[in-house]
Amino acid sequence: SENSEIRYVGGCIRKILNNEAIDDIDFAVNLKPRECIEALNKSNIKFYETGIDHGTITAIVNNEKFEITSLRKDIKTDGRHAEVVFSQDWHEDASRRDFTINSIYSDLEGNLYDPFEGKNDLQNGKIEFIGDAETRIKEDYLRILRYIRFFINYSKQPHNDKIKKIIKQNIKGILNVSSDRLLDEFNKITKSPNFLKLFEDPF
């Protein structure tokens, strides 16, 4: 429809702003998953329904994979799964993301939508949760590992003592996370260029 819009989001924008190589491109779209499928079919773009319950479809163009996720709001989370409703609201979609540096969007012309000032935090090396850190960790305990990965790769500040304390109190929650997701995150941590920084500032 004429009001439909697609924007780059998350890691690819973070990496462009930080002059890093980009290895994957994610899009957010203000269409519901079924409408997104219709649009891809109309354009003869191949895709598969990877995580359609959460609104994610993987499109394949020139043998490259692109994840396209419908704007959404998480309505119920239990530390590992989220129940979602789809939305038209870009700010609502940004609000459910974990860190300010991951909630930066760009339209296809490169105009940024950055409601939580993630670009500033990236420049200043601040790893900031969106909203209350403890609440966000309890929604998905994998965020503890994600915090550590982003800290070793982007932080220019010492650990925030309050965040350290919250992580220590919630560390057992990682046992709730599926082994696939844990392995994927550990893999990303060990491949981090600053992996050894992990041992310089232990918790």
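Look up a bit, the structure's there.
Our subject in this report is the structure included herewith. (Residues numbered from 1 in each chain as written. Predicted model: local features only at pLDDT ≥ 70, side-chain atom pairs only at ≥ 80, totals over all residues. Heavy atoms only, no water.)

Considering the packing of aromatic side chains
We describe a pair of aromatic rings using the distance from one ring centre to the other and the angle between the two ring planes.
No. 1: Summed over all chains, the structure comprises ten aromatic pairs.
No. 2: Summarising the aromatic geometry, the rings of F99 and F129 are spaced 4.5 Å apart at their centres and angled 45 degrees between planes, so their arrangement reads as tilted. Taken together, the residues span a long stretch of sequence, with F99 in the loop between helix 3 (90-95) and strand 8 (105-106) and F129 in the loop between helix 4 (118-124) and helix 5 (133-139) at a distance of 30 residues.
No. 3: Take F129: its relative accessible area is 8%, and that puts it in the buried class.
No. 4: These aromatic residues form a ring-pair network of at least three members: F99, F129, Y147, F150, F151 and Y154.
No. 5: Note that R7 overlies the ring of W90, its terminal NZ or CZ placed 3.9 Å from the centroid. (Phe/Tyr/Trp six-rings, centres within 6.5 Å; stacked < 30°, edge-to-face > 60°. Helix = DSSP H or I, 4+ residues; strand = E, 2+ residues; numbered from the N terminus. Buried < 20%, exposed > 50% of the residue type's maximum accessible area, 1.4 Å probe, protein only. Lys NZ or Arg CZ within 6 Å of the ring centre and 35° of its normal.)

Points about the pairing of strand 3 (residues 46-51)
Sheet faces and side chains relate simply in a regular strand, where the side chains alternate between the two faces.
No. 1: As judged from the four bridges shared by strand 3 and strand 4 (residues 56-61), these two strands associate in the antiparallel manner. Note on strand 4: the bridge partner recorded for F47 is A59.
No. 2: What sits between strand 3 and strand 4 in their antiparallel hairpin is a turn of four residues, with G55 showing a positive phi close to 90 degrees. (Pairing = 2+ DSSP bridges.)

Description of the pattern of salt bridges
No. 1: Evaluation of the coordinates by the stated rule reveals 15 salt bridges.
No. 2: With a closest N to O distance of 2.7 Å, K15 and D23 form a salt bridge.
No. 3: Overall, the relative accessible area of 12% leaves K15 in the buried class.
No. 4: Note that E139 is salt-bridged to R143, the shortest N-O span being 2.7 Å. Comparing E139 with R143 shows no difference in burial state: the two are buried.
No. 5: Taken together, the salt bridges that share partners define one network made up of D93, R96 and R97. (Salt bridge = Lys/Arg side-chain N within 4 Å of Asp/Glu carboxyl O.)

Quick look at helix 7 (residues 161-170)
Side chains of residues three or four places apart in an α-helix project in the same direction, reflecting 3.6 residues per turn.
No. 1: Where helix 7 is concerned, the buried positions are I163, K164, I166, I167 and N170. Buried residues in helix 7, looked at end-on, bunch into an arc of 165 degrees, giving them a common side. Seen from the buried face of helix 7, the exposed residues on the opposite side, beyond 90 degrees, are D161, K162, K165 and Q169.
No. 2: If you follow the buried residues of helix 7, they end up packed against helix 5 and helix 6 (142-154).
No. 3: Of the residues that open helix 7, the one with a side-chain oxygen 2.7 Å from the backbone nitrogen of K162 is N160. (Arc of directions from axis to C-beta. Contact = heavy atoms within 4.5 Å. Polar contact = N/O pair within 3.5 Å; in protein donor to acceptor, adjacent residues only side chain to side chain.)

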